Amino acid sequence: MGKTYAAGLFAALASAKFGTETAYADSSFNFSPFSTNKAAPSAPVNVPQPTAEVPEKPKVRNDNPRTTSAGFDPEALERGAKALRKINKSKSAKQVFDVIKKQEETRQVELTAKMQEFKALQAQAETERQRVVYDEQKKLAQQQAQIKSQMARYEDELARKRMQAENEHQRARNQELVKMQEESAMRQEAARRATEEQIQAQRRQTEREKADIERETIRVRAMAEAEGRAHEAKLAEDVNRRILVDRANAEREKWIAAINTTFDHIGGGFRAILTDQNKLVVAVGGVTALAAGIYTTREGARVVWSYVDRILGQPSLIRESSRGKYPWSGFFSRAMSTLKGANGGSATKSEKGFGDVILHPSLEKRIQQLANATANTKSHQAPFRNMLFYGPPGTGKTMVARELARRSGLDYALMTGGDVAPLGSQAVTKIHQLFDWSKKSKKGLLLFIDEADAFLCERNKTYMSEAQRSALNALLFRTGDQSKDIVLALATNRPGDLDSAVADRIDEVIEFPLPGEDERFKLIKLYLVRYIAQAGERKPGLFSNLIKKQQQKIEIKGLTDDILREAAARTEGFSGREVAKMMASVQAAVYGSEDCILEGNLFREVVDYKVAEHQQRRKLAAAEGDK
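Since this is a predicted model, take the numbers as computed values, not measurements. (Residues numbered from 1 in each chain as written. Predicted model: local features only at pLDDT ≥ 70, side-chain atom pairs only at ≥ 80, totals over all residues. Heavy atoms only, no water.)

## Some remarks on the sheet that holds strand 1 (residues 320–321)
Link 1 in the chain: Strands sit in the order 1-3-4-5-2-6 across an open sheet of six strands; the sheet is mixed. Two strands bound the open sheet, and with one partner strand each, they are strand 1 and strand 6 (508–511).
Link 2 in the chain: Across four bridges, strand 2 (residues 387–390) lies against strand 6 in parallel orientation. Within strand 6, the position partnered with Tyr390 by the bridge is Glu511.
Link 3 in the chain: On the sheet, helix 8 (residues 361–379) packs against strand 2, strand 5 (486–492) and strand 6 and is oriented at approximately 150 degrees with respect to strand 6.
Link 4 in the chain: Those strands touched by helix 9 (residues 397–407) are strand 1, strand 2, strand 3 (411–416), strand 4 (445–450) and strand 5, and its axis lies near 175 degrees from that of strand 4. (Pairing = 2+ DSSP bridges. Helix = DSSP H or I, 4+ residues; strand = E, 2+ residues; numbered from the N terminus. Contact = heavy atoms within 4.5 Å. Axes fitted to C-alpha atoms, helices over the stretch in contact; angles between N-to-C directions.)

And the structure:
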């Protein structure tokens with residue numbers, strides 16, 4: 001409404017200034033709209049009132065001014081026109097216009113200031129907008145980076161899942177290939193077995209045909225020889241007939257005379273016996289008593305000897321023992337060893353090492369401490385401690401057990417676990433006989449069971465027979481308490497297969513690993529002396545030079561310790577038994593040469609061959625383990 005009023009006022013002022021139209025005010029003019037300007041002068045303006053009132057024309061009322069075709073309110077224009085007419089009639093019109101002009105200028109200045117302020121606000125708003133745009137762009141870049149990172153992670157997850165699926169697919173294919181290979185191997189094995197059976201059948205058929213041919217050849221040869229002999233006999237038939245007739249007559253006369261003489265004596269004896277009743281009774285009784293005595297003596301001796309063998313003899317399970325089969329066995333040898341021990345003093349006690357067994361220093365110290373502890377246990381009548389030796393084959397478990405018994409002053413007996421299963425129902429009886437025999441040792445006995453896992457394995461095994469379970473229970477019964485007479489030493493390559501109750505009886509567990517490089521070097525030097533340097537030497541004896549043939553001694557050339565150490569380094573993974581076999585092969589190679597000389601090149605060749613053989617054996621064992 002105010003804007004329309006101001007527009008009408010300015011239009012009226014413009015019309016009055018240029019004289020195009022004269023405006024008249026119908027009523028008094030009110031300057032209240034301009035009184036709000038603080039910059040305008042505050043002096044009142046006296047507007048003269050018109051002297052005579054002009055009668056007003058009746059106005060047309062417009063109840064809806066916004067509905068005109070012009071689209072504006074004419075009342076404001078009319079009021080402006082009235083105000084202009086009053087101003088024109090007033091004496092202070094010029095002052096009024098000046099005041100209005102000043103007010104307008106002041107308003108223009110205010111509008112300019114407001115415009116500048118608006119522009120400053122607009123610039124600030126633009127700066128704020130640009131900052132907001134920058135922040136939005138920054139957030140958008142961060143969101144895009146985050147989206148890219150998420151996309152990368154998603155793609156990586158997809159690639160990982162795809163790779164995992166490919167791996168699973170490849171694994172399934174590999175399993176199918178392995179299954180197909182196994183089936184192919186089984187078919188090939190079946191075909192090979194069928195081929196071998198066919199070859200064996202053909203071989204047996206060939207052998208039968210060969211035997212038939214040989215029998216036919218022998219028969220034909222015999223017939224030819226018989227025909228030849230018959231022909232020869234036929235040629236000399238007359239001579240042979242006369243000789244045979246003369247010889248038969250002579251023999252007949254001699255036998256007739258002998259028979260007549262014999263029957264004369266027998267007939268005379270029978271006649272004497274038959275005619276004398278007492279002699280007949282005595283003869284019959286003597287013959288009967290003689291037959292009965294012979295039979296009774298034979299059967300009684302057999303029964304007595306079986307009883308003595310069962311009571312005093314060595315059990316059948318024992319393969320090797322320092323004790324004799326009977327108490328009187330080896331009396332002379334024990335007496336000689338006692339004399340030698342008396343002459344030699346304490347040589348045995350001061351002896352170091354374990355003979356043919358070269359052990360690691362820490363293991364050798366442990367065995368020596370165990371031997372001393374066992375000897376002291378026997379002297380103080382304390383219970384013995386049972387032992388378990390485990391490790392690869394050929395590492396010296398049996399030899400150490402024998403040496404341990406000797407150093408601790410005990411008797412020694414060796415049995416193998418594989419001998420128990422063939423006994424069947426007799427195994428329990430034999431186990432009890434073994435322990436009864438072991439307790440009869442005055443020194444105490446070290447019972448060494450080699451390959452103990454053969455019958456001391458877990459009792460829940462499906463392949464274990466009832467007789468084996470009974471034998472295991474019998475051994476557990478006899479070893480339930482600590483013994484003062486028997487040291488039980490078990491040796492096995494598979495300690496995990498032993499029954500838990502057997503493992504509970506063990507007090508000392510000792511591992512026998514494969515020899516290291518230093519131990520292998522010592523073993524090579526030991527067997528070099530035994531198989532090479534001392535080969536061909538005879539033991540001192542009275543008839544040794546007459547009975548045995550003189551052997552050729554081996555000459556060693558250029559075999560230094562460096563070569564031996566090189567061989568020890570190359571034989572990684574060899575056991576002590578394999579080292580001994582290698583040196584025996586070296587001896588065989590030397591005897592197979594022309595000059596019987598051991599040189600470094602020959603020694604290296606044998607070592608290369610044995611190392612290759614060892615590696616091939618390991619590959620075969622690994623292949624069998626994979627199957």
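## Overview of the packing of aromatic side chains
Link 1 in the chain: The full count for this structure, using the stated rule, is three aromatic pairs.
Link 2 in the chain: Relative to Phe448, the ring of Phe389 lies with its centre 6.4 Å away and its plane at 40 degrees, an arrangement referred to as tilted. With Phe389 in strand 2 and Phe448 in strand 4, the pair connects residues that are 59 residues apart, well separated along the chain.
Link 3 in the chain: One aromatic cluster is present, built from ring pairs that chain together Phe389, Phe448 and Phe512. (Phe/Tyr/Trp six-rings, centres within 6.5 Å; stacked < 30°, edge-to-face > 60°.)

## Considering the packing of helix 13 (residues 517–533) against helix 15 (residues 561–570)
Link 1 in the chain: Two elements in contact, helix 13 and helix 15, have axes separated by 8 Å at closest approach and are oriented at 125 degrees. As summarised for this structure, helix 13 and helix 15 are arranged oblique, according to the angle between their axes. The handedness of the crossing between helix 13 and helix 15 is right-handed. Where helix 13 approaches helix 15, its residues Glu517, Asp518, Arg520, Phe521, Ile524, Lys525 and Leu528 are matched on the opposing element by Asp561, Leu564, Arg565, Ala567, Ala568 and Ala569.
Link 2 in the chain: A per-class count over the contact of helix 13 with helix 15 returns seven nonpolar, no polar and six charged. (Parallel < 35°, antiparallel > 145°, perpendicular 65-115°, else oblique. Left-handed = near helix turned anticlockwise from the far one by under 90°. Nonpolar A, V, L, I, M, F, W, Y, C, P; charged D, E, K, R; others polar.)

## Concerning the nonpolar core
Link 1 in the chain: Counting 31 residues, the largest nonpolar core has Ile431, Leu447, Ile449, Phe455, Leu456 and Leu490 as the members making the most contacts within it.
Link 2 in the chain: Excluding residues within four positions of it along the chain, Leu447 makes contact with Ile318, Ala413, Met415, Leu434, Phe435, Ile486, Val487, Leu488 and Ala489.
Link 3 in the chain: Membership of the second largest hydrophobic core comes to 26 residues, among which are Phe521, Leu559, Phe603 and Val606. (Core = buried A, V, L, I, M, F, W, Y, C linked by side-chain atoms within 4.5 Å. Buried < 20%, exposed > 50% of the residue type's maximum accessible area, 1.4 Å probe, protein only.)

## Focus: helix 10 (residues 427–438)
Link 1 in the chain: For helix 10, which comprises 12 residues, the first-to-last C-alpha distance of 16 Å matches the rise-based estimate of 16 Å (1.5 Å per residue) to within 8%.
Link 2 in the chain: Considered for burial, the residues of helix 10 that qualify are Ala427, Ile431, Leu434, Phe435, Trp437 and Ser438. Looking straight down helix 10, one finds its buried side chains confined to an arc of 160 degrees; they lie on one side. (Expected span 1.5 Å × (residues − 1). Arc of directions from axis to C-beta.)

## Here we look at helix 8
Link 1 in the chain: Given a rise of 1.5 Å per residue, 19 residues ought to cover 27 Å, and the 27 Å separating the end C-alpha atoms of helix 8 matches this to within 8%.
Link 2 in the chain: When we look at burial in helix 8, the residues that qualify are Leu363, Ile367, Leu370, Ala371, Thr374, Thr377 and Lys378. Down the axis, helix 8 shows its buried residues gathered within 125 degrees of arc, on one side only. Away from its buried face, by an angle of more than 90 degrees, helix 8 presents the exposed residues Pro361, Lys365 and Ser379.
Link 3 in the chain: For helix 8, the elements touching its buried residues are strand 2, helix 9, strand 5 and strand 6.
Link 4 in the chain: Phi turns positive, to about 55 degrees, at Gln381, one or two residues after helix 8.

## With respect to a nonpolar patch on the surface
Link 1 in the chain: Together, Trp255, Ile259 and Phe263 make up an exposed nonpolar region whose accessible area comes to about 360 Å².
Link 2 in the chain: Secondary-structure assignment places Ile259 in helix 4 (residues 237–275).
Link 3 in the chain: Residue Ile259 is classed as partly exposed on the basis of its relative accessible area, which comes to 38%. (Patch = residues over 30% accessible without salt bridge, like charges linked within 9 Å, V, L, I, M, F, W, Y side chains within 5 Å. Areas by Shrake-Rupley, 256 points an atom, 1.4 Å probe, with all protein chains shown as cover. Salt bridge = Lys/Arg side-chain N within 4 Å of Asp/Glu carboxyl O.)

## Focus on the side chain of Lys378
Link 1 in the chain: Within the fold, Lys378 resides in helix 8.
Link 2 in the chain: No salt bridge is formed by the buried Lys378; its nearest oppositely charged neighbour, Asp485, is found at 4.8 Å.
Link 3 in the chain: Not counting chain neighbours up to four residues away, the residues in contact with Lys378 comprise Phe384, Leu410, Lys442, Lys443, Gly444 and Lys484. (Lys, Arg positive; Asp, Glu negative; His and termini not counted.)

## Things to note about the side chain of Thr374
Link 1 in the chain: Following the sequence through the fold, Thr374 ends up in helix 8.
Link 2 in the chain: Since its relative accessible area comes to 7%, Thr374 is described here as buried.
Link 3 in the chain: Among the polar contacts made by the side chain of Thr374, one reaches the main-chain carbonyl oxygen of Leu370 at a distance of 2.8 Å.
Link 4 in the chain: What Thr374 contacts, discounting residues up to four positions off in sequence, is Phe384, Met387, Ser408, Leu410 and Val487. (Polar contact = N/O pair within 3.5 Å; in protein donor to acceptor, adjacent residues only side chain to side chain.)

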